[in-house]
Every structure is written in C-alpha cells, then in structure tokens.
Amino acid sequence: MSISHAPPQPVPDISRKGRSAPPGPGPGASPELVALVPSSSRRARVPRWLRRTTGPLLLLGLWQLLSATGALASDVLASPGTIARVAGDLIEDGSLTTAMGVSLQRVAIGLLLGTLVGTGLALVSGLFRIGEDLVDASVQMLRTVPFVGLIPLFIIWFGIGEAPKVAIITLGVSFPLYLNVYAGIRGVDSQLIEAGESLGLSRWGLVRHVILPGALPGAMTGLRYSLGIAWLALVFAEQINADAGIGFLMVQARDFLRTDVIVVCLIVYAFLGLLADFVVRTLERLLLQWRPTFTGR
C-alpha cells in the first residue's frame, strides 16, 4: 500500500488582508540615501550677523528716543544724530584720523613688547622647573599691583614722552599672556608627553610638536584678554601729557565740556577694540582648525 503526500498549502496572511506589500528595491538597486540636517542648522533662518547687530541697534534706537523726547538732556549726553555730525566734522578736518593713527601705533608697539615679554617669561617658567622657581613668584607678585598705580613711577623713570605710555601698555599686556600661556603649557596631557618620548622625540621635538600646539588655545585666549587691557591701558596712558591721540582729544573735550566729542572718542575706542578682537578670533579659527569645539546651539 502506498501513501501519497500532498504538497503543503500556503497559509494566508490574515494580518495583511486588503493590503499589498510595498515593492522592494529590485536586484542590484541601492537604497535611497536621505541627507541628515542638524537641528541647529534647520533653526538658523536669521543670519548671524543680523542677530548680532540687533542688540546695538535697539540700544541706539532707545538712545535716540530718549534724546528726542527730552528725557536725556543734550548737555548730559548728545543725541546719536549730533554724535554722527561731530564725528563727520572730526574726520573731515583730519583730527580724528590723525589721533587714531597715533593711538594705534602706541597700542601696536606696547602689544608687541608685551607679547614678547609675557610669552618669553611663560615659556621659561612653564618649560623648566628652575625657571618656574625663579620667575613665577615674582610675576605673581607684580601682577597684583595695579599697573595704573605705576604711572607716577614711569613718569619719573621715563619722562613724559612716548616711553611711559608704551611702558604702561606693555605692562598691562604682559600678565594675561603670561598666565594663559603658562597654564596652557602646564595643562598639556602628560600621556601625550609619554607618547612623544616613546616615539623618539627629542626635548625640542616635544616642545615643538606636543607642548606648543597644546598651549596654543591658551595663548589665543591670553591674546584676546591682552588686547582688551591694551585699549584700557591706552586710555590711562594718553592722559600723561599727551599732545596727540584719542586720549588727547578726550582731554581737550573735557576742558571745553564737549560731551559729544568725548562720546565720539569712546565709540572709536570700542570699535577699535572690537576690530582687534575680530582679528584674533579669525586667527584663532585658522590656527586651531585641528581642534573642533562646541559652537553653541
């Protein structure tokens, strides 16, 4: 007796009743790729430059409104329109551009000397223990002394010419650079030093390829701080018997009660400081491309 086996019947898919399965990709077809856009990019519909200028524009509008309504007297603070007209007159007769050139020269010389002094002391103190023992304590004591309080001594030592003005800026610039470069050197991971030594790097090779690149972010931060202090030191320096510069214009305006000229000089100080900070931030982005960081959301 023979037994016949019937072929198995397919079981109907009850869960897909009334529906047809979507056609899949054919043989050899690659799946469709969907570009992923970060949520931060999707939200950025307003340009950043417009958002960054919103605050100053609102402040300028409030200033103009208070001046127009009489809530802010002109002898206390001139209106933005008056400030713009006075600035145009100062530019037209050449007094403002000449003063800016003199002040920029003083800041440039003081910043250069302060960078050399601060960075040099930080390298000596950060790279060598004997340098730290000889340098760090003295610098820490000097940086607690207000550099403005040294103006009388600088006048006695250097006279009333350009030397005391440059010396004040140099002193103000040196300490932020020293602190940040020193902290950057000592903040380098010791495991990177050990890895460099295992690769056969010499002492100079470690300094060049490991320590200095690791300290560069701190140096850029110190440079930004130093630029801010340089403009602050310039304001005090140009009060020392100056016969040119933005501070000289402010002294003359104070003597004649010209608040509009004083405000123009303060705005020039602010814009020059903002421009210098923009240059340093651009330099920071160029030199620190190897270090991606969080930029906000």
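Structural notes, computed from the coordinates. (Residues numbered from 1 in each chain as written. Predicted model: local features only at pLDDT ≥ 70, side-chain atom pairs only at ≥ 80, totals over all residues. Heavy atoms only, no water.)

A word on helix α10 (residues 246-255). Each turn of an α-helix holds 3.6 residues, which means side chains three or four residues apart point in the same direction. Buried residues of α10: I246, G247, L249, M250 and A253, and no others. The arc that holds the buried residues of α10, viewed along the axis, is 155°, so those residues lie on one side. Next to the buried residues of α10 lie α4 (95-127) and α11 (259-287). Just past α10, the residue L257 takes up positive phi, approximately 55°. (Buried < 20%, exposed > 50% of the residue type's maximum accessible area, 1.4 Å probe, protein only. Helix = DSSP H or I, 4+ residues; strand = E, 2+ residues; numbered from the N terminus. Arc of directions from axis to C-beta. Contact = heavy atoms within 4.5 Å.)

Residue placement: I185 occurs in helix α7 (residues 162-186). Sequence spacing of I185 and V207 is 22 residues, and the spatial spacing of their C-alpha atoms is 9.4 Å. Once residues within four sequence positions are removed from consideration, I185 is found in contact with A122, L123, G126, L127, I211 and A215.

What follows concerns the packing of helix α8 (residues 190-198) against helix α9 (residues 203-237). The interhelical angle for the contact between α8 and α9, taken along N-to-C directions, is 145°, at an axis separation of 10 Å. Viewed along their axes, α8 and α9 form a crossing whose handedness is right-handed. Here α8 contributes L192, I193, G196 and E197 to the contact with α9, which in turn contributes L206, V210 and I211. The residue makeup of the contact of α8 with α9, split by class, is five nonpolar, one polar and one charged. (Axes fitted to C-alpha atoms, helices over the stretch in contact; angles between N-to-C directions. Left-handed = near helix turned anticlockwise from the far one by under 90°. Nonpolar A, V, L, I, M, F, W, Y, C, P; charged D, E, K, R; others polar.)

So, on to the packing of aromatic side chains. For the coordinates displayed, the defined rule picks out four aromatic pairs. Ring centres 5.8 Å apart and planes at 50° place the aromatic pair F154 and F158 in the tilted group. Taken together, the positions of F154 and F158, both in helix α6 (residues 151-158) and four residues apart, correspond to about one turn of that helix. (Phe/Tyr/Trp six-rings, centres within 6.5 Å; stacked < 30°, edge-to-face > 60°.)

Interhelical geometry of α10 versus α11 gives an angle of 160° and a closest axis separation of 8 Å. What the angle tells us is that α10 and α11 run roughly antiparallel. At the point where α10 passes α11, the crossing takes the left-handed sense. Here I246, G247, L249, M250, A253 and R254 of α10 lie close against α11, whose contacting residues are V261, I262, C265, L266, V268, Y269 and L272. Broken down by class, the residue content of the contact of α10 with α11 amounts to eleven nonpolar, one polar and one charged. (Parallel < 35°, antiparallel > 145°, perpendicular 65-115°, else oblique.)

Looking now at the side chain of S174. Turning to its location among the elements, S174 is positioned in helix α7. Not counting chain neighbours up to four residues away, the residues in contact with S174 comprise G114, V117 and G118.

It is worth spelling out the pattern of salt bridges at this point. Summed over all chains, the structure comprises six salt bridges. Linking E162 and R106 is a salt bridge whose minimum nitrogen-to-oxygen distance equals 2.8 Å. Of this pair, E162 sits in helix α7 while R106 sits in helix α4, placing them 56 residues apart in sequence. On the basis of relative accessibility, which here comes to 2%, the residue R106 falls in the buried class. Residues D277 and R224 are paired through a salt bridge, measuring 3.0 Å at the closest nitrogen-oxygen approach. (Salt bridge = Lys/Arg side-chain N within 4 Å of Asp/Glu carboxyl O.)

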